[in-house]
Amino acid sequence: MDKSNVIVIGGGASGMMAAITAAREGSKVTILERMDRVGKKILSTGNGKCNYTNRNQDIANYHGADPAFISNILDQFDSFQTMRFFDRLGIMAKDKNGYIYPNSGQASSILDVLRMEIFACNINVECGVKVTAVEKKNQTFIVHTFLKDYEADSLIIACGSKAAPSTGSDGSGYEYVKAFGHKIIPVLPALVQLKSDQKFFKSIAGVRCDAHVSLFTDNNPVASDTGELQITDYGISGIPVFQVSRYASIALNEHKKVTVFIDFFPDLDHESLIKLLVNRFNINKTKSVSDAMIGMINKKLITLFIREAAINPEISAGKLTEKEIERLAGVMDNFKVNIVATNSFENAQVCCGGVDTEEINPYTMESKLLRGLFFAGEIVDVDGACGGYNLQWAWSSGYVAGKNASLKKPVFSL
């Protein structure tokens, strides 16, 4: 049976960082990866460009039951240390308003340098390995697989969530964690598209525009964001939708009513939008309402807005009443969308939920229930906003877990 000081289950971003850190601390390390190669999910991040961290590290960009827990881990390996780590591996950083990318514009660059460092650190990487069970006997962890068993003094579970299972995150890690007695906060899709039951979406699919999105649950405001909205045949997508989607997932799981209100003119207040419409219709009095609005917003939306405002599309713009214009403005800057579901785990970039942080040491990422067991990455109840935050959590939690799981620095304190 192969024996290591540290076994890392999962060769994603957090798992590779944990393995490299533990190896640098002097441990003999093995990575067990289910896929045919490590780091597949990294290749799809940032639309293939890999936004690997962000200079703005406000804790508001991270979500979980305990913000203090998240802060404690991020403080030990922050965005500056992440940039320095990758700089030393050869990555030249490109700063786009605080969003940090490799200057190559290729996510593969990040993966390439991590794989080279894994090789340089003499880390044993076993790919195509399906873990069937994990246990601890005396002071040794035993990881059972279909082919053989592996032993280690410390075990780091970094096998991701259920998001994007095609990249290796199949959710099996939660079963290993539960076998050790840990509680799992309900795991739900986050950074994901939202579905509606309203029939008009098929007629406006493909529209992209800047908008402000506000999410309500049981008629209470919960979250909002502004950015490029993407309309699909089933509902809404785009960065602002992703940013609020975790709250929709949680509310829907609790059988609450979820509604999104869209402001298609986020740079104007309501009164200014009314004035804009009045002026436009006065200039184009003889045109139909729909023709008078061409050039103002996507043509597909014009038809929808006029219908939702109960206005005759063929009426002359100059004949609209004050109430009709107010009604139209109300539709355009407070458009109601009923949310009935999120897209599946296959479409989600990350998940919310995971291992309860109440049961994890907030300074070492070690289990409070079992000495020598550590966690890193998405498997923990921590998720970030779009913008490099989920990868920063992977680097930070992986670093802390790897450092403390190392043979040379066995740390355990409640």
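Below is a short write-up of the structure. (Residues numbered from 1 in each chain as written. Predicted model: local features only at pLDDT ≥ 70, side-chain atom pairs only at ≥ 80, totals over all residues. Heavy atoms only, no water.)

## Observations concerning the sheet that holds strand β17 (residues 335–342)
On the basis of which strands lie adjacent, the closed barrel formed by six strands has the order β12-β15-β14-β13-β16-β17 and antiparallel pairing. The mean inter-strand angle of the sheet, taken between neighbouring strand axes irrespective of direction, is 45°. Where strand β12 (residues 194–196) lies against β17, three bridges are found, and the strand directions are antiparallel. Across the sheet, the residue bridging to K195 is A341, located in β17. The strands touched by helix α11 (residues 322–333) are β16 (258–263) and β17; relative to β16, the strand with the most contacts, the crossing angle is about 115°. (Pairing = 2+ DSSP bridges. Helix = DSSP H or I, 4+ residues; strand = E, 2+ residues; numbered from the N terminus. Axes fitted to C-alpha atoms, helices over the stretch in contact; angles between N-to-C directions. Contact = heavy atoms within 4.5 Å.)

## A look at the packing of aromatic side chains
Scanning the entire structure with this criterion turns up 14 aromatic pairs. Here the aromatic rings of Y62 and Y389 are separated by 5.5 Å at their centres, their planes lie at 85°, and the arrangement is edge-to-face. Taken together, the residues span a long stretch of sequence, with Y62 in strand β4 (residues 62–63) and Y389 in helix α12 (residues 389–405) at a distance of 327 residues. Like Y62, the residue Y389 is buried in the burial classification. Ring centres of F141 and F180 lie 6.1 Å apart, and the angle between their planes is 85°; on these two criteria the pair is classed as edge-to-face. Of the two residues, F141 sits in strand β9 (residues 140–145) while F180 sits in the loop between α5 (172–179) and β11 (184–190), which places them 39 residues apart along the sequence. Its relative accessible area of 14% is what places F180 among the buried residues. When the ring centre of Y247 is taken as origin, the NZ or CZ atom of R246, which lies over that ring, is 5.1 Å away. (Phe/Tyr/Trp six-rings, centres within 6.5 Å; stacked < 30°, edge-to-face > 60°. Buried < 20%, exposed > 50% of the residue type's maximum accessible area, 1.4 Å probe, protein only. Lys NZ or Arg CZ within 6 Å of the ring centre and 35° of its normal.)

## Brief notes about the environment of K96
Within the element layout of this structure, K96 appears in strand β5 (residues 93–96). Residue class for K96 comes out partly exposed when judged on its relative accessible area of 40%.

## What to know about helix α7 (residues 239–253)
Look at α7: 22 Å from first C-alpha to last across 15 residues, which is about the 21 Å you get at 1.5 Å a residue. At S245, α7 is deflected by roughly 45°, the largest bend along its length. Those residues of α7 not exposed but buried are P240, V241, F242, Q243, V244, S245, R246, A248, S249 and A251. Just past α7, the residue H255 takes up positive phi, approximately 60°. (Expected span 1.5 Å × (residues − 1). Bend = angle between axes of the 7 residues up to and from the residue.)

## Thoughts on the sheet that holds β5
The strand order across the open sheet built from three strands is β3-β6-β5, with neighbouring strands paired in antiparallel fashion. This sheet does not close on itself; its edge strands, each paired only once, are β3 (53–54) and β5. Direction of pairing for β3 relative to strand β6 (residues 99–102): antiparallel, over a ladder of two bridges. Paired with T53 across the bridge in β6 is I100.

## Things to note about the pattern of salt bridges
Applying the stated criterion across every chain yields a total of twelve salt bridges. A salt bridge links E228 to R208; the nearest nitrogen and oxygen atoms lie 3.4 Å apart. One end of the pair, E228, is in strand β14 (residues 220–231); the other, R208, is in strand β13 (residues 208–217), and 20 residues separate them in sequence. Judged by its relative accessible area of 53%, R208 falls in the exposed class. Three or more residues joined by partner-sharing salt bridges are found here, namely R34, K130 and D170. (Salt bridge = Lys/Arg side-chain N within 4 Å of Asp/Glu carboxyl O.)

## Side note on unusual backbone geometry
Backbone geometry at N97 places phi at a positive 55°, although glycine is not the residue there. Using a relative accessible area of 79% as the deciding quantity, one classes N97 as exposed. The phi dihedral of N219 falls on the positive side, at around 70°, and the residue is not glycine. Tracing the chain through its elements places N219 in the loop between β13 and β14.

## Some words on the pairing of strand β8 (residues 131–137)
Note that β8 and β9 share six bridges and pair antiparallel. Paired with V134 across the two strands is V143, which belongs to β9. Taking the residues that link successive antiparallel strands as the turn, the β8-β9 hairpin has two residues, and the phi of N138 there is positive, at about 55°.

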